[in-house]
Amino acid sequence: MARLWIRMVNKHRVVKQETVACAWDGIEEALTETCRDWDIPRPVWLNKHAHEMEDFRRTAFAKDHFMEDVSFDRLEIEFLEDLETPRRSQDPRNQF
């Protein structure tokens, strides 16, 4: 199963992070659950975030994407897909 990597960033440093099991169609629910666990408000999900998730499998929420004040600069999420077969480098230096 795939995972969602959620990072809380303040002053360019990751202050809290977690990965949660998540299907592609359950990203918003996983984000909501993690925000509840971390006791932070849930960010507003805009079309911008949906497009970034579709195109890049990641998006970020700035302070202005929250209805309440937050103590961090941004909240980043990234969808990590588990591949059926492990990827191997095609570089001949890594053939050991």
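Please refer to the structure higher up on the page.
Counting restarts for each chain: residues are numbered from 1 in the order of the written sequence. Two thresholds apply to this predicted model, a pLDDT of at least 70 for residue-level local features and 80 or more for giving and counting side-chain atom pairs, whereas whole-chain, interface and lining totals are computed over all residues. Calculated side-chain values reflect all of the structure's heavy atoms, with hydrogen atoms and water omitted.

Peer 1: I tried to follow the nonpolar core on my own but got confused; where do I start?
Peer 2: The term nonpolar core refers to a set of buried residues drawn from Ala, Val, Leu, Ile, Met, Phe, Trp, Tyr and Cys, joined through side-chain atoms within 4.5 Å. Per-residue accessibility, obtained with a 1.4 Å probe over protein chains only, is compared with the maximum for each type, and a residue is labelled buried under 20%, exposed over 50%, and partly exposed between these values. If you look at the biggest cluster of nonpolar residues, it comprises 20 residues, and the most contacted ones within it are Leu4, Ile6, Ile27, Ile40, Phe72, Leu75 and Ile77. Those residues within four positions of Leu75 in sequence are excluded, and the remaining contacts are Ile6, Arg7, Met8, Leu31, Cys35, Trp38, Ile40, Pro43, Thr59, Ala60, Phe61 and Phe66. Residues are treated as being in contact if the distance between any of their heavy atoms lies within 4.5 Å.

Peer 1: What's the story with the packing of aromatic side chains in this structure? I'm lost.
Peer 2: Centre-to-centre distance and the angle between the planes together describe a pair of aromatic rings. In this analysis, rings of Phe, Tyr and Trp, with Trp reduced to its six-membered ring, are considered paired at centre separations within 6.5 Å, and the interplanar angle assigns stacked below 30 degrees, edge-to-face beyond 60, and tilted for intermediate values. Using the criterion set out here, one finds three aromatic pairs in the structure. Ring geometry for Trp24 and Phe79: centres 4.9 Å apart, planes at 75°, overall edge-to-face. Here Trp24, found in the loop between strand S2 (13-21) and helix H1 (27-38), pairs with Phe79, found in strand S4 (residues 74-80); they are 55 residues apart in sequence, far enough to count as distant. On the numbers, 5.5 Å between centres and 90° between planes, the contact of Phe66 with Phe72 is edge-to-face. In terms of burial, Phe66 and Phe72 fall into one category: buried. Counting from the N terminus, the helices are DSSP H or I runs at least four residues long and the strands are E runs at least two residues long.

Peer 1: Hey, could you run me through the pattern of salt bridges in this one?
Peer 2: Oppositely charged side chains may form a pair once their charged atoms are brought near each other. A pair is scored as a salt bridge if a Lys or Arg side-chain nitrogen falls within 4 Å of a carboxyl oxygen belonging to Asp or Glu. What the rule picks out here adds up to nine salt bridges. Among the ionic pairs, Glu33 bridges to Arg36, the shortest N-O distance being 2.9 Å. Of this pair, Glu33 and Arg36 both sit in helix H1, separated by three residues, roughly a single helical turn. Sharing partners across several salt bridges, the network here consists of Arg7, Arg58, Arg74, Glu76 and Glu78.

Peer 1: Got a minute to help me understand the pairing of S2 in this structure?
Peer 2: Successive residues of a regular strand alternate their side chains across the two faces of the sheet. Here, any two strands with at least 2 DSSP bridges between them count as paired. In this sheet, S2 lies alongside strand S1 (residues 3-10) in antiparallel orientation, the contact comprising eight bridges. Bridge pairing in S2 links Val9 to Val14. Here S1 folds back onto S2 in antiparallel fashion, the turn holding two residues, of which Lys11 has a positive phi close to 55°.

Peer 1: Would you mind showing me how to read the sheet that holds S4 here?
Peer 2: Each strand in a sheet pairs with its neighbour through backbone hydrogen bonds, running either in the same direction (parallel) or in the opposite one (antiparallel). The sheet built from four strands is open, its strands ordered S2-S1-S4-S3 with antiparallel pairing. At either margin of the open sheet sits one strand with a lone partner, and together these are S2 and strand S3 (58-62). With strand direction ignored, the average angle separating the axes of adjacent strands in the sheet is 15°. Helix axes are fitted to C-alpha atoms over the stretch in contact, other axes to C-alpha atoms as well, and angles between N-to-C directions run from 0 to 180 degrees. On top of the sheet, H1 reaches S1, S2, S3 and S4; it is set at about 45° to S1, its chief contact. Across the face of the sheet, helix H2 (residues 47-56) comes into contact with S3 and S4 while running at roughly 150° to S3.

Peer 1: Would you explain a nonpolar patch on the surface in this entry?
Peer 2: A surface patch of nonpolar side chains, about 290 Å² in accessible area, is lined by Val44, Leu46 and Met67. Tracing the backbone shows Met67 in the loop between S3 and S4. Classification of Met67 as exposed rests on a relative accessible area of 74%. What makes a patch is a set of residues exposed beyond 30% relative accessible area and free of salt bridges, joined within 9 Å when like-charged and within 5 Å when nonpolar (Val, Leu, Ile, Met, Phe, Trp, Tyr). Method for areas: the Shrake-Rupley scheme with a 1.4 Å probe, in which residue coverage is limited to the protein chains shown.

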